[in-house]
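# A structural walkthrough
Each chain, letter by letter, is given below.
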Amino acid sequence: MKKKGIRIVHYVSPSVYAWRRGRAKKIGKFVDLLLCLFPFEPGFYRDTELKAVYVGHPKASAIKIGKSDLAKSRSRERLELPTGNRVLAVLPGSRISEINILTPILFEFIKKMNMKYKDLFFVFHSTQEHVQLLQKQLLDEGLKNCGAIADEKIKSHILKSSVFAVAKSGTISLEICNSKIPSIIIYKMGAINFFIVKMLVKVKFANIINIAAGEEVIPELLQSKCNAKDIYNSVDKLMNDKTALENQLNKTQSIISNFKTDKSSEIASSILNDYI
């Protein structure tokens, strides 16, 4: 299309920072203007003919930061959570393959947590497609201090009502950080797929916050470390270390502030209008 004089604009940069750098040059051959979500992304295209512009991440800007006691109280009422229980958000992913791999591990993790903590209620965030499956699994496991919810409208209420989050690696980290919730990241895939990914991916971290920071701000429990015992140890250690919790929150807020623009969609629209 470029050869025919048609200008190509792409919104959201592929994760070239995670893959071989040659991919950036290949993208430049097919795209004229690239609108990037993260401030460090345009730098990867400096040696290409492609014009890359940072516009900000909608999810980093959409949620208003703040967790007043009133907001948390309203969130609890809307979710009908048990009075006196602290909430731990569990986000196992939206794909059935992720759910099948991660939920058995998470159920064992919750059982370990229940042996020590008597005041926690675990809220699984799911989708309309899979929420009934999760609810049935929770019943089958006899986990009475757990619930599963699929309504996207109250997703922020889950996070605002939580004291901690255990989440599958992905952009959900931005929402968790925006809600000022300490967290850990988990992920596990098949051995063959993991081997292929390790051969191709060149970044040290899986989480975008850690990639931007250049250090493991949010603990990552991947592959062999993604097991009930290690997840429990990581969560238990963090929940009982006020300094470590504050350190994580302070660093994530500093990092995510760099992802924010007042109106990312409007900025992208303005740049597009000028370009056209």
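What this report covers is the structure whose coordinates are included nearby. Note that the structure is predicted; figures quoted are calculated from it, not measured.

## Remarks on helix α11 (residues 242-257)
- Between its first and last C-alpha atoms α11 spans 22 Å; for 16 residues at 1.5 Å apiece the expected length is 22 Å, and the two agree.
- When we look at burial in α11, the residues that qualify are Leu 245, Gln 248, Thr 252, Gln 253, Ile 255 and Ile 256. Taken end-on, α11 shows its buried residues confined to a sector of 165 degrees, consistent with a single buried face. Turned more than 90 degrees off the buried face of α11, the exposed positions are Lys 242, Thr 243 and Asn 250.

## Remarks on the sheet that holds strand β1 (residues 9-11)
- Spatially, β1-β2-β3 is the arrangement adopted by the three strands of the open sheet, whose pairing is parallel. The open sheet has two edge strands with one neighbour each: β1 and β3 (51-54). Taking each pair of neighbouring strands and ignoring which way they run, the sheet shows an average axis angle of 15 degrees.
- Bridge count between strand β2 (residues 33-36) and β3: four bridges; the pairing is parallel. Its bridge partner lying in β3, Leu 34 is registered against Ala 52.

## Quick word on the pattern of salt bridges
- The full count for this structure, using the stated rule, is eight salt bridges.
- Across the pair Glu 215 and Lys 251 runs a salt bridge, and its minimum N-O distance is 3.2 Å. A residue pair is termed long-range when its members are at least 10 positions apart, and Glu 215 in the loop between α9 (208-213) and β9 (220-222) and Lys 251 in helix α11 qualify at 36 residues.
- Three or more residues are tied together by salt bridges with common partners; here these are Arg 95, Glu 98 and Lys 168.

## What to know about the nonpolar core
- The biggest cluster of nonpolar side chains holds 33 residues, and the ones touching the most others in it are Leu 88, Phe 109, Met 113, Val 166, Ile 231 and Val 235.
- Listing elements by their share of this core, those giving two or more residues are β4 (86-91), α4 (96-116), β5 (120-125), α5 (131-141), β6 (146-149), β7 (162-168), β8 (183-187) and α10 (228-239).
- Among the elements that make up this core, the one with the highest residue count is α4 (seven residues).
- For Val 166, the residues in contact, after removing those within four places along its chain, are Leu 88, Ala 89, Val 90, Leu 91, Leu 106, Phe 109, Ile 184, Ile 186, Ile 231 and Val 235.
- Among the nonpolar cores identified, the runner-up in size contains 27 residues, and Leu 81, Leu 159, Ala 167 and Cys 177 belong to it.

## Considerations on the pairing of β6
- Residues Cys 146 and Ala 148 line one face of β6 and the alternating positions Gly 147 and Ile 149 line the opposite face, and both faces are buried.
- Pairing of β5 with β6 involves four bridges; the strand directions are parallel. Directly across from Phe 124, in β6, lies its bridge partner Ala 148.
- You can see the chain leave β5, run along α5 and come back into β6, and the turn it takes is right-handed.

## Notes on the packing of aromatic side chains
- For the coordinates displayed, the defined rule picks out two aromatic pairs.
- When the centroid spacing of 6.3 Å and the interplanar angle of 80 degrees are considered together, the rings of Phe 109 and Phe 122 count as edge-to-face. Here Phe 109, found in helix α4, pairs with Phe 122, found in strand β5; they are 13 residues apart in sequence, far enough to count as distant.

Conventions adopted
- Residues numbered from 1 in each chain as written.
- Predicted model: local features only at pLDDT ≥ 70, side-chain atom pairs only at ≥ 80, totals over all residues.
- Heavy atoms only, no water.
- Helix = DSSP H or I, 4+ residues; strand = E, 2+ residues; numbered from the N terminus.
- Expected span 1.5 Å × (residues − 1).
- Buried < 20%, exposed > 50% of the residue type's maximum accessible area, 1.4 Å probe, protein only.
- Arc of directions from axis to C-beta.
- Pairing = 2+ DSSP bridges.
- Axes fitted to C-alpha atoms, helices over the stretch in contact; angles between N-to-C directions.
- Salt bridge = Lys/Arg side-chain N within 4 Å of Asp/Glu carboxyl O.
- Core = buried A, V, L, I, M, F, W, Y, C linked by side-chain atoms within 4.5 Å.
- Contact = heavy atoms within 4.5 Å.
- Right-handed = clockwise from strand over helix to strand, strands pointing away.
- Phe/Tyr/Trp six-rings, centres within 6.5 Å; stacked < 30°, edge-to-face > 60°.

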